[in-house]
Structures are given as structure tokens and as C-alpha cells.
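Given next are the chains, with one letter for each unit.
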Amino acid sequence: MDSFGVDIGSDRFFACFCLAGSNTGLAAETIVTNAPKAFLYEPSSGTILFAKAPDEPFTPGSLVKVMTAATVFDALKANEIRSDQLCKVSEHAWRTGGAPSGRGATMFAAIKSEIAVEDLLKGLLVHNANDAAIVLAECIDGSEEAFAERMTELAHSIGMTNTKLANPTGYAEKPSRTTVRDQARLAQYILDQHPNFYPLFSLPEFTWNGIFQRNKNPLLGEIRDLDGLGAGSDPSDGYSGLASVERNGRRVIAAIAGLTSDKHRLQSLKEVVEGAWEFFTVKKLYSAGETVAQGWVFGGNAGYVPLVPKDDVNVLLARGGTLDYRLRVVYEGPLKAPVANGTPAGELHVIGKNGIVYRAPLVTGGSVDEGTLFSRAVDGLQELLFGWIS
């Protein structure tokens, strides 16, 4: 790794680097997909492997039910409801999402019957049942509208800033809006915060009230090692999908949207997912404690302190040349003495064609004591006359 110069801002400091690597003069091979919107993420390293219109909104249809499930998982974790708690099937749930609705997937729950939360969750994720979604919403918050507000609040709290949920079913009368980047965030949230519930997404079958149904997720069994999460469609915005695949010790999350058919959705999702293994490999950029850059120090007995990562910096990068990536160190500065060893001091950014693909926190790799009165005066004079610009 060689430094190619330093770009200094007035209150934030940026050190820019280029990744060393072979360059054949040809563009590195990368993922190609017909999906208008696509996002591929590797959660263990936090690396964005591929992004295409990642923040362009779309209507997810029944893919909303992944968010419905996550909201129920949160309520269970917070002990607001219990898995064995019985929820009553209202007339609204029965007419709107049940057998009389004629609107696709249903558990065929009888009006005024009572169903345990755990069975409703299985109905939601295995049957893709609309009545299960509505019953859960009413059981937790009294109405679909109130539950949709809870869904949106949860979405925003986990960083799904471009998402607004209108109902728990995905019905188009009140369309929800989301993005493929936000869907990937949702998948990671479920994997991180609710690993005990995650196996429900790949439950192969479920029998309730004498009705046997296989899992209706059209992606299961079609992509090797896929174990979640869901799919949807909308008359205007087309077919979408959210997938999580673990293979050879590596998990990736993929989200796509805007496809014209379920066949094209599956084909595009395979292209994106398989690209993680075909075009990318793990590269160690820095070892824990290795100096990445020098941070300026104000008023100390030394003018600089090393900035280092606490852990090894392992990033999934293209197998071809790495010259398409840049490194940037960002920190608030100058650091004011005294500076203790191990003080959080900034971030290392790996920047690709689509912006930042990886972030690693940096800490100080040494300590700097307060300087003499004379040295502090010199630093103060330099800041007054020139600022901290080289």
C-alpha cells in the first residue's frame, strides 16, 4: 500500500491511499445483472460487494411480511407478547386476509377463532398468509394502521431510512416503499438480533388445522444454500426478492427489485448471489495494531500519533486488480493532548465505484502527553495563523 497524497479538510482530516495490486489494463470482472435494482452485502466484514440503484424506492408487495415478522420478533423479545399467547381472528382479518377475501395466501383461519402467536408466525412465513399478518398486527397493536407505524419506527431505528410501511400484508391499496439497501439492512438485523427465529424462514412445511402446506417462498430450493428470507411483487414495480445464503463459512445477503417475472427474479438473484463466490475473495488490508495513518496532535509533546485498527481489516475485494478501490482515513482533528493509547480516533474507509464499501474503526496506537507551555503556544499560533492545513 502506497500513499498517493493527503487531502486535508478544515475540521475533518482525510488521508487517501490507493490499494496496491495488479492492473492488466482491463476492467476487473464483476457481477452483471439485468435487475434494475440490486444490492449484495457480506455482513461479517461489513463489505458492500455490489450496488445498483440501491437507494431507489420500490413497492415490495408481500416482501413486506419479512418486516412484519421482524416486528413480531421484537415484540416477543421485549415480552410484550408470548409465543403461546392466543390471538383472536377478527371479522376484519377474516374478510380482508382470510378465505372470503380471495386475495391469495391464507391460513383459512375461522372468524372469532383463537390462534397462538407461534402458529401465526409459521402461517405468516410458511403459508405467506395474509390473515396471519393481520391477526398478528391486531393482536399486538389493535389495528393494522398502528402496527404499520410500529413497523416504520423499527425500520428507521435500524437504519432503513428510505422505508415506510403502510400495512403488514403488502396489499397495494396502501403501498409500502423501501429500497434494496434497506432490505439488506433488515436481513442483517434479523440475523443479528433474532437468530433463534431465523430458522422459521426456511421451515419446509407447516400443518395447521388439518391443512398441510409447503413453504411458499419461491426462492427456497432454487438457490444453493439459501435459507431465507422472502419475495414479493407489485403491479407497477415488478418482482423483488431478499435472500440470505451461507456457503463455505461465508454468508451474503442479496436484495433485488424491478424484475418483470418470477423467472427473471430468480435468474437475477442467482447472478448476484453467485457473484460473491465467483468474483470476490478476502484480502487482509491491515493487521490489528498496524499503523494506517498518523493523526495530528495539538498541544502535545509529539505532533503525531499512529492511527491503528483494533482488529485485522479483512475485506472482500474483487479477485482481479484492486486499483478500482481507494482507502481513506477520516478523523476529527487535531487530537487534543493528552491522548491515551487506544482512544477511538476515526475510521478507515474502503471506497469503490459505488462509494464506501467498507468501514473499520481506528484507535490511537500510542499515547501523547501534554507538551510544554512553549510547544502548546507554538501549536496555538500555527492554528491561529494557518489552521491545520499543510
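Residues numbered from 1 in each chain as written. Predicted model: local features only at pLDDT ≥ 70, side-chain atom pairs only at ≥ 80, totals over all residues. Heavy atoms only, no water.

Asks: Got a minute to help me understand the overall build of the protein in this structure?
Replies: Along the protein, the regular secondary structure elements total 8 helices and 19 strands. Buried positions account for 51% of the 390 residues belonging to the protein. Taking all contacts inside the protein whose residues are at least 6 apart in sequence as the whole, residues at least 24 apart take part in 64%. Surface exposure of the protein reaches about 17,800 Å², of which carbon and sulfur atoms provide 50%. (Helix = DSSP H or I, 4+ residues; strand = E, 2+ residues; numbered from the N terminus. Buried < 20%, exposed > 50% of the residue type's maximum accessible area, 1.4 Å probe, protein only. Contact = heavy atoms within 4.5 Å. Areas by Shrake-Rupley, 256 points an atom, 1.4 Å probe, with all protein chains shown as cover.)

Asks: Help me out: how do you make sense of the state of the cysteines in this one?
Replies: Throughout this description, disulfide means a covalent bond between two cysteine sulfur atoms. Enumeration according to the criterion identifies 1 disulfide in this entry. A sulfur-sulfur distance of 2.2 Å marks the disulfide that ties C87 to C139. In this structure, the disulfide formed by C87 and C139 twists by about -70° around the S-S bond and is classed as left-handed. With C87 in strand β5 (residues 86-88) and C139 in helix α4 (residues 130-141), this residue pair connects regions lying 52 residues apart in the sequence. Note on C139: relative accessible area 25%, which makes it partly exposed. (Disulfide = S-S within 2.5 Å.)

Asks: Would you mind showing me how to read the packing of helix α1 (residues 64-77) against helix α3 (residues 117-127) here?
Replies: Each packed pair of helices is defined by two parameters, the angle between the axes and the distance between the axes. Closest axis-to-axis distance for the α1/α3 pair is 10 Å, and the angle between their directions is 160°. With respect to α3, the element α1 is oriented roughly antiparallel. Seen from above, α1 lies across α3 with left-handed handedness. Facing K65, T68, A69, V72, F73 and L76 of α1, the residues of α3 in contact are V117, L121, L124 and L125. (Axes fitted to C-alpha atoms, helices over the stretch in contact; angles between N-to-C directions. Parallel < 35°, antiparallel > 145°, perpendicular 65-115°, else oblique. Left-handed = near helix turned anticlockwise from the far one by under 90°.)

Asks: Sorry if this is basic, but what is going on with unusual backbone geometry here?
Replies: Comment: phi is negative for the bulk of residues other than glycine, and the bulk of peptide bonds are trans. A cis amide bond links G228 to the next residue, L229, at an omega of 20°. Inspection of the secondary structure puts L229 in strand β9 (residues 226-234). Between A337 and the following residue, P338, the backbone shows a cis peptide bond with an omega angle of 0°. Tracing the chain through its elements places P338 in the loop between β17 (335-336) and β18 (344-352). We note that A53 has phi near 50°; this positive angle belongs to a residue other than glycine.

Asks: Would you take a moment to explain the packing of aromatic side chains for this structure?
Replies: Two aromatic rings are characterised by how far apart their centres lie and by the angle between their planes. Taken as a whole and assessed by the stated rule, the structure comprises 5 aromatic pairs. Three or more aromatic residues joined by ring pairs make a cluster, and in this case those are F73, F197, Y198 and F201. Between the NZ or CZ atom of R103 and the centre of the ring of Y171, over which it lies, the distance is 3.7 Å. Positioned over the ring face of W277 is R247, at 4.5 Å from the centre of the ring. (Phe/Tyr/Trp six-rings, centres within 6.5 Å; stacked < 30°, edge-to-face > 60°. Lys NZ or Arg CZ within 6 Å of the ring centre and 35° of its normal.)

Asks: How should the confidence of the model for the protein be read in this particular structure?
Replies: For any part of a model where pLDDT is low, the fine detail of the predicted coordinates should not be relied upon. For the protein, per-residue confidence averages 88 on the pLDDT scale, and 86% of positions sit at 70 or higher. In this model residues 1-12 is a low-confidence stretch, pLDDT under 50, and it forms 32 contacts with partners more than four residues away in sequence or in other chains. pLDDT under 50 marks residues 22-28. Its contacts with residues more than four places away, or in other chains, come to 6 contacts. (pLDDT = per-residue confidence, 0-100.)

Asks: Where do I start with the pairing of strand β14 (residues 304-309) in this structure?
Replies: The side chains of a regular strand alternate, residue by residue, between the two faces of the sheet. Two strands pair when backbone bridges link them, and strand β13 (residues 293-298) and β14 are joined in this way by 4 bridges, in the antiparallel orientation. Each residue of the ladder has a partner; that of A293, found in β14, is L307. Two successive antiparallel strands, β13 and β14, enclose a turn made up of 5 residues, where G299 displays a positive phi of approximately 75°. In terms of strand pairing, β14 meets strand β19 (residues 355-364) through 3 bridges, oriented antiparallel. Within β19, the position partnered with P309 by the bridge is L362. (Pairing = 2+ DSSP bridges.)

Asks: What's the story with the environment of S113 in this structure? I'm lost.
Replies: For S113, the location among the structural elements is in the loop between α2 (91-97) and β6 (114-116). A polar side-chain atom of S113 sits 2.6 Å from the main-chain carbonyl oxygen of A110. (Polar contact = N/O pair within 3.5 Å; in protein donor to acceptor, adjacent residues only side chain to side chain.)

Asks: Could you clarify how one ought to interpret the sheet that holds strand β3 (residues 37-42) in this entry?
Replies: Strand-to-strand pairing in sheets goes through backbone hydrogen bonds, with the strands running parallel or antiparallel. An order of β4-β3-β11-β10-β9 is seen for the 5 strands of this open sheet, with the pairing classed as antiparallel. Edge strands, defined here as strands with exactly one partner in the open sheet, are β4 (47-52) and β9. Within this sheet the neighbouring strands show an average axis-to-axis angle of 5°, counted without direction. Packed onto the sheet, helix α7 (residues 262-279) meets β3, β4, β9, β10 (238-247) and β11 (250-259) and runs at close to 150° relative to β11.

Asks: Just to check I follow, could you spell out the pattern of salt bridges for this structure?
Replies: When their charged atoms lie close together, side chains carrying opposite charge are able to pair. Applying the stated criterion across every chain, the model contains 18 salt bridges. Residues E56 and K37 are paired through a salt bridge, measuring 3.5 Å at the closest nitrogen-oxygen approach. With E56 in the loop between β4 and α1 and K37 in strand β3, this pair connects stretches of sequence that are 19 residues apart. Judged by relative accessible area, which is 42%, E56 ranks as partly exposed. When the shortest N-O distance is used, the salt bridge between E80 and R150 registers 2.9 Å. (Salt bridge = Lys/Arg side-chain N within 4 Å of Asp/Glu carboxyl O.)

Asks: Even after reading the chapter, I still don't get α4, so can you show me in this structure?
Replies: Given 3.6 residues per turn, any residue in an α-helix points the same way as the ones three and four places further on. Here α4 contains 12 residues, and its C-alpha end-to-end distance of 17 Å stays within 8% of the 16 Å for a straight helix at 1.5 Å per residue. In terms of residue burial, α4 counts as a mostly covered element, since 10 of its 12 residues are buried. For α4, the complete set of buried residues consists of N130, D131, A132, A133, I134, V135, L136, A137, E138 and I140. Here the buried face of α4 lies against α1, β5, α2, α3 and α5 (144-157). Taken from the residues just after α4, G142 is the one with a positive phi, measuring 90°. (Expected span 1.5 Å × (residues − 1).)

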